[in-house]
Amino acid sequence: MVFLVGGAGNGKSKLAAEVVKNVHGTRRGGRSAFAQRSYEFGLPNGRALRVLNDATIPPADKNPFALRRDVAQALRGKEHFLGCINRGVLIGEQSERSTLSDNHEKVASDIVAWLLSGRLRSNDVDEPCLVSAADHGGGNYQFAKVRESGKVTTILHLVYMDSASLLEEWPEAPRMERTDAPLPRVVMRMTPLTDVMRGGVATAFEACLAKLASNFHEELRADELDPIALNARSLSEKTVARGWCSLMRGAEILSGTHFSYRELWALSAHSLVGPASSDTMYRLNRHVAENLEKVQSKEIADRVAGAVALGNLRSHMMLFEAGASRSGGEFSTFDWPTTTSDAIKAVHFADPIKQFGPSKGRESAKINDALDGLKDGTLPGSELASQDKAVEAYWGKLDARIEEIVQEAIDPDRETGLTLKKRSELLSWYGRYLYRLVAMIRGWPAYISVVSAWQEAWLDACLDGQLEPSLEDAILEIVAPVSEGSHKALFTFLQPRVTEGEPNAPKVRIEIPRNDMKLTARVEGDRVDIEIRLRSQREDHASAMTSLDFHLMRETIAGLEGHGFTDSRLIIEPRIERLRAAMVAAQIRSGGERNRFNFSDRNYYETR
């Protein structure tokens, strides 16, 4: 039995279709013009294969535990089973084993619970039961067996389709040698975006993007000034597709999500033609034709308008502006339908205009200096394309023509008829154009240094379950700050909120020494969880736990670098309070002589 679990658009149904195609089975049952919940196939060896194509489709009888019944029927009939299951279905199908009488239903109930959490229920239940093989669990793959009368009757493989990124490197898996053993594992890899090796990493989705762009380019007319055709040509280049994938990877980390295949296909189309529908495509084609005429006009105002309009249709501009509910300023832009989705919001959050380039480099200053040179007749984009092969792969005649028009329009020695305000707006627009172009090609999202620091933390947690000591101390300083010259953290309790206890505040506080706190980190798929244990606690599990996401990492780095705090503090503050409350609860439960309470009245306080 194989279970593919994850959100919509992660490729479950596509994999199921490939399996059906390759097993050469004979379809059983009636056919329908609509997608069905499940399909049955007779196999050449006489066995049957049941494919649960979409567990969200309700059965005809509206059974509330349809998934459990499907699994039980496959167990009862000794059928091969392939299930494509959304997580939401699993939540609604949870049931207690003790309420069931049929053995197959009991095992099916255990399997459904296992699919949701990845953990087995207690192994001290009567057989038949679900058991796990040692050292073959965790991450995005789980392996288990059904045991009955001391014998293994069923082998189960569980794959979480959304626990790792399609924008990292996925090595090819070793060949499977046995069907009754765990599948060969592929070690997850992660390369920080600022690492010099990142440019040599082929991500899982890169080939998909390049092939889509190449096929689309073959269907378009050859016009070197057509932005849509240039988008297709550019994105079909390996170096450009690789930079695009790195930028999208940064958007994932910043937003704390994973893009599904469906979302990445949508973002790819957005990069090629914008948020275009069939009706929009006709208007877009006319818009391009009109502005191609404008860039050839004798009037500088018309050339500027045409250049900006065509420039806004380049991939690096459409990703962050097309379909967004924002004004185009004084320059007319194409009337895109307003478009929003979680993926688009994540990409907008990663707009490199917010914070450009690695914090330790001079890239932003270099581009600022180059843009200043426009007024003196230099062409910074063309010069950059002649020096950088990655930029050259993306740069086209349209980009060069746009830059020439911009340079001509803002030249102070020419009488163009454009007002100073108009020239300033044009230079600002071209600054965004060039910054985003460079960032997309090099794979630089906003806050790239924080993103890379998070990736390095993931690697540290994956290798030995620890973060860098300085990073651990900085996190603890946020969660449990100590007074200057002190080694103890004070927390208020018996209050509506657990907060940092100021020494002179007239409140009851509990003391937890900083050296009593041990911070560890563990990786769960593509997630980093940090756990805080207190030396005084009696339980084996962590006293407090949270995820190390972008906002917590950003705030931590700001503290390390002496920048105080950022606006991410507002986002993480509720989590920090929950961590403190969990630590206080664990400290109070520990009892004994280790609890030290602090009482204060105005400026007097005494520890007891």
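Note that this is a predicted model, so its numbers are computed, not measured.

(A) Quick peek at helix H18 (residues 448-464). If you check H18, its first and last C-alpha atoms are 25 Å apart, about what 17 residues at 1.5 Å a residue would give, namely 24 Å. Of all the residues in H18, the buried ones are Ile448, Val450, Val451, Ser452, Ala453, Trp454, Gln455, Ala457, Trp458 and Ala461. Packing partners of the buried residues in H18 comprise helix H7 (238-255), helix H19 (469-479), strand E11 (517-524), strand E12 (527-534) and helix H20 (550-560). With its phi angle positive at about 70°, Gly465 sits one or two positions after the end of H18.

(B) Molecular detail of the sheet that holds strand E6 (residues 129-132). Strands sit in the order E2-E3-E4-E5-E1-E8-E7-E6 across an open sheet of eight strands; the sheet is mixed. The open sheet has two edge strands with one neighbour each: strand E2 (26-28) and E6. Geometrically, the sheet is characterised by an average inter-axis angle of 25° between neighbouring strands, direction not taken into account. The sheet contact formed by strand E1 (residues 2-5) and strand E5 (residues 80-85) spans four bridges and is parallel. The residue bridging Leu4 from the neighbouring strand is Cys84, located in E5. Its contacts with the sheet place helix H1 (residues 12-23) against E1, strand E3 (38-42), strand E4 (48-52) and E5, and it is angled at close to 160° to E5. Lying over the sheet, helix H4 (residues 103-117) contacts E1, E5, E6, strand E7 (141-148) and strand E8 (151-160), oriented at roughly 30° with respect to E8.

(C) Geometry of the confidence of the model for the chain. Chain-level pLDDT for the chain is 87 on average; 93% of the residues reach the 70-or-more range. Throughout residues 601-608 the model reports pLDDT below 50, and contacts reaching past four residues in sequence, or to other chains, amount to 21 contacts.

(D) Seen up close, unusual backbone geometry. Even without being glycine, Lys78 reaches a positive phi, approximately 50°. Within the element layout of this structure, Lys78 appears in the loop between helix H2 (66-76) and E5. Backbone geometry places Tyr447, a non-glycine residue, at a positive phi of 55°. In this fold, Tyr447 is placed in the loop between helix H17 (420-442) and H18.

(E) Examining the pairing of E7 more closely. As paired elements, E6 and E7 share four bridges and run antiparallel to each other. Among the inter-strand pairings, Val131 is bridged to a residue of E7, identified as Lys145. The pairing of E7 with E8 spans eight bridges and is classified as antiparallel. Paired with Arg147 across the two strands is Val152, which belongs to E8. If you look at the hairpin formed by E7 and E8, you'll find two residues sitting between the two strands, and Ser149 has a positive phi there, around 55°.

(F) The arrangement of the pattern of salt bridges in detail. Scanning the entire structure with this criterion turns up 39 salt bridges. Residue Arg69 pairs with Asp61 through a salt bridge whose shortest N-O separation is 2.5 Å. For Asp61, a relative accessible area of 45% corresponds to the partly exposed category. The salt bridge involving Asp102 is made with Arg76; its shortest N-O contact spans 3.1 Å. You can see Asp102 sitting in the loop between helix H3 (87-92) and H4 and its partner Arg76 sitting in helix H2, a full 26 residues away along the chain. Exposure remark for Asp102: the relative accessible area of 29% places this residue in the partly exposed category. One network of salt bridges, in which partners are shared, links Arg522, Glu524, Arg527, Asp529, Glu531 and Arg533.

(G) Local environment of the nonpolar core. By size, the foremost hydrophobic cluster in this structure holds 125 residues, and its most contacted members are Trp244, Phe259, Tyr430, Leu467, Leu548 and Met583. Counting residues per element, this core draws most heavily on H17, which supplies eleven residues. Apart from residues lying up to four places away in sequence, Phe259 is in contact with Leu166, Leu167, Met248, Ala251, Glu252, Leu264, Leu267, Ala343, Ala346 and Val347. Of all hydrophobic cores here, the second largest spans 26 residues; its members include Phe3, Val5, Leu67 and Ala74.

(H) Molecular detail of the pairing of E12. The buried fraction of E12 amounts to six of the eight residues, a majority that puts the element mostly inside the structure. Pairing geometry for E11 and E12, over eight bridges, is antiparallel. Residue Ala521 lies in a different strand from E12, and its bridge partner there is Ile530. Between the end of E11 and the start of E12, which pair antiparallel, lie two residues, with Gly525 showing a positive phi angle near 65°.

(I) Here's a closer look at the sheet that holds strand E13 (residues 544-547). The sheet built from three strands is open, its strands ordered E11-E12-E13 with antiparallel pairing. Only two strands of the sheet have a single neighbouring strand rather than two, namely E11 and E13. Across the sheet, the mean angle from the axis of one strand to that of its neighbour is 20°, orientation sign disregarded. In terms of strand pairing, E12 meets E13 through four bridges, oriented antiparallel. Bridge pairing in E13 links Asp529 to Ser547. Lying over the sheet, H18 contacts E11 and E12, oriented at roughly 95° with respect to E11.

(J) Layout of the environment of Ser132. Within the element layout of this structure, Ser132 appears in strand E6. Between the alpha carbons of Ser132 and Leu120 there is a distance of 7.4 Å; along the sequence they are twelve residues apart. Setting aside anything within four residues of it in sequence, one finds Ser132 in contact with Leu120, Phe143 and Ala144.

Criteria and thresholds
Residues numbered from 1 in each chain as written. Predicted model: local features only at pLDDT ≥ 70, side-chain atom pairs only at ≥ 80, totals over all residues. Heavy atoms only, no water. Helix = DSSP H or I, 4+ residues; strand = E, 2+ residues; numbered from the N terminus. Expected span 1.5 Å × (residues − 1). Buried < 20%, exposed > 50% of the residue type's maximum accessible area, 1.4 Å probe, protein only. Contact = heavy atoms within 4.5 Å. Pairing = 2+ DSSP bridges. Axes fitted to C-alpha atoms, helices over the stretch in contact; angles between N-to-C directions. pLDDT = per-residue confidence, 0-100. Salt bridge = Lys/Arg side-chain N within 4 Å of Asp/Glu carboxyl O. Core = buried A, V, L, I, M, F, W, Y, C linked by side-chain atoms within 4.5 Å.

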